[in-house]
Amino acid sequence: MKILIVGNGGREHALAWKIAQSPRADRVFVAPGNAGTHTEPGVENVDIPAMDFDRLIKFAKQEAIDLTVVGPEAPLAAGIVDAFQAEKLKVFGPTKAAAELEGSKVFCKNLLRHADVPTADFKVFRKSEDALHYVNHREETPLVIKASGLAAGKGVIVCQNRVEAREAVQQIMDDRAFGEAGDQLVVEECLRGQELSVLAITDGRTILPLEPAQDHKPAYEGDQGPNTGGMGAYTPVPQFSDDLLDKVESDILVPVVHAMKRQRRPFRGILYAGLMLTQQGPKVLEFNVRFGDPECQPLLMRLKTDLVDLFEAVVDQRLDEIGPLEWDPRPSVCVVMASEGYPGEYKKGHPIRGLDEAAEVPQVKVFHAGTAISNDLVVNNGGRVLGVTALGDSLPSAKLQAYRAVKMIRWPGAWCRKDISDKALSDS
Ligand code: AMP
Ligand code: GLY
């Protein structure tokens, strides 16, 4: 089979690496890919941006691509799956209508409310004066203010008091900090607890949950500093029991998949529940409609089931024929190495040294995210640059192994969080 992966991040490198291992994959293309997918054995980059659907479709037809897998949310929300389907091309991912679950927080929250799925209490606003009035007349408590649309993970502001909440409303609705993503606003109650990511693969009928993973969104150790796209992740999550996973499946995943079907937006693809483990049980923070980045990297290190079989079964709506997912029992830890200044401004183009040495560390795979090739050298080309991912017999040994490899990699200003997976260790 010929398979095309759309995207250029760490998630797409992990998808390409895993798919290239499938005995069913003859050729694997990534559009546009990064330096990691460029050098990955059995994988070829194609110089077409993820949002250029016309050229992607043309390429898929010319090359007789058998299956296209879409990594990021932006092309999904813009209807890449509908565009491929209209040309009778097989594509893995939700349609534009189904991707609204991530693309519109208002849509998602209303669906959760109607389906009786546990989530933070919320109110929706279309005008800043109404939102300000509400904030001013509420008791003084922490509040979370969210732009409804896609804002690359930045449109959520956790506010400790009324002053911060007012500023957040103004930033989103009056200053239009996130453009039209801020046309509608969600104000919600602030939930407390540990965050978890439960991803599931579904064809709209059968739901196969993946093992739980935990991301690290704040930039610095101890969950301090500004939010990022995710500074590291690990799986499994020992503080998350099997009973709890069953509860997430029955109380959250199943009702959401059914509600989407009832709304005539059947969901096919990866359904990602971002959860807060509160004292009243797990509650939904958000839904994403694709693999998490970086959660995808440690999850795919452990997944043994053939990804091509899985994705094809979803596209053909016969996921019920695939047995339970098979996992490597060993835990996996992914540490993100970032550019100096991220999540703010940063400089690109620094050559990255030590990648060959890091690749020699046993049970380690260095996934590239924001990298490019310049003058035959691998250089940093984004905020999150690498996802150094390791397997180990225990979480501490996976962590040790990942950081061993991290130490060998250097470029000016490179940094990472030093405490990825520690929340599991302190609780277990
Ligand atoms: P989201 O994009 O909705 O997942 O929000 C990004 C991050 O903001 C989450 O990963 C949480 O850390 C935080 N967050 C979102 N909603 C809430 C909430 N209701 N209570 C506390 N933290 C939240
Ligand atoms: N890791 C968080 C996300 O992919 O949205």
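Draft legend 1. Local environment of the pattern of salt bridges. Taken as a whole and judged by the stated rule, the model has 28 salt bridges. Across the pair E195 and K217 runs a salt bridge, and its minimum N-O distance is 3.9 Å. Separated by 22 residues along the polypeptide, E195 in strand 10 (residues 194-202) and K217 in the loop between strand 12 (214-215) and strand 13 (218-220) bring together distant segments of the chain. For K217, a relative accessible area of 23% translates into the label partly exposed. What emerges from the salt-bridge pattern is a single network uniting K2, R27, E44 and E63.

Draft legend 2. Local environment of helix 6 (residues 96-103). For helix 6, every residue scored as buried is listed here: A98, A99, L101 and E102. Axial view of helix 6: buried residues confined to an arc of 120 degrees, hence all on one face.

Draft legend 3. Local environment of the packing of aromatic side chains. In this structure the tally under the stated criterion is 5 aromatic pairs. Look at W17 and F367: their rings are 5.2 Å apart centre to centre, the planes differ by 80 degrees, and that puts the pair in the edge-to-face class. Of this pair, W17 sits in helix 1 (residues 10-20) while F367 sits in strand 19 (residues 364-368), placing them 350 residues apart in sequence. We note that W17, like F367, is buried. Judged by centre distance (5.2 Å) and plane angle (80 degrees), the ring pair of F29 and F59 falls under edge-to-face. Of this pair, F29 sits in strand 2 (residues 27-32) while F59 is found in helix 3 (residues 53-62), placing the two residues 30 residues apart along the sequence. Of the two residues, F29 and F59, neither departs from the other in class, the shared state being buried. Geometry around Y272 places R290 over its ring, the cationic atom sitting 5.9 Å from the centre.

Scoring rules and cut-offs
Residues numbered from 1 in each chain as written. Chains lettered and ligands numbered in written order. Predicted model: local features only at pLDDT ≥ 70, side-chain atom pairs only at ≥ 80, totals over all residues. Heavy atoms only, no water. Salt bridge = Lys/Arg side-chain N within 4 Å of Asp/Glu carboxyl O. Helix = DSSP H or I, 4+ residues; strand = E, 2+ residues; numbered from the N terminus. Buried < 20%, exposed > 50% of the residue type's maximum accessible area, 1.4 Å probe, protein only. Arc of directions from axis to C-beta. Phe/Tyr/Trp six-rings, centres within 6.5 Å; stacked < 30°, edge-to-face > 60°. Lys NZ or Arg CZ within 6 Å of the ring centre and 35° of its normal.

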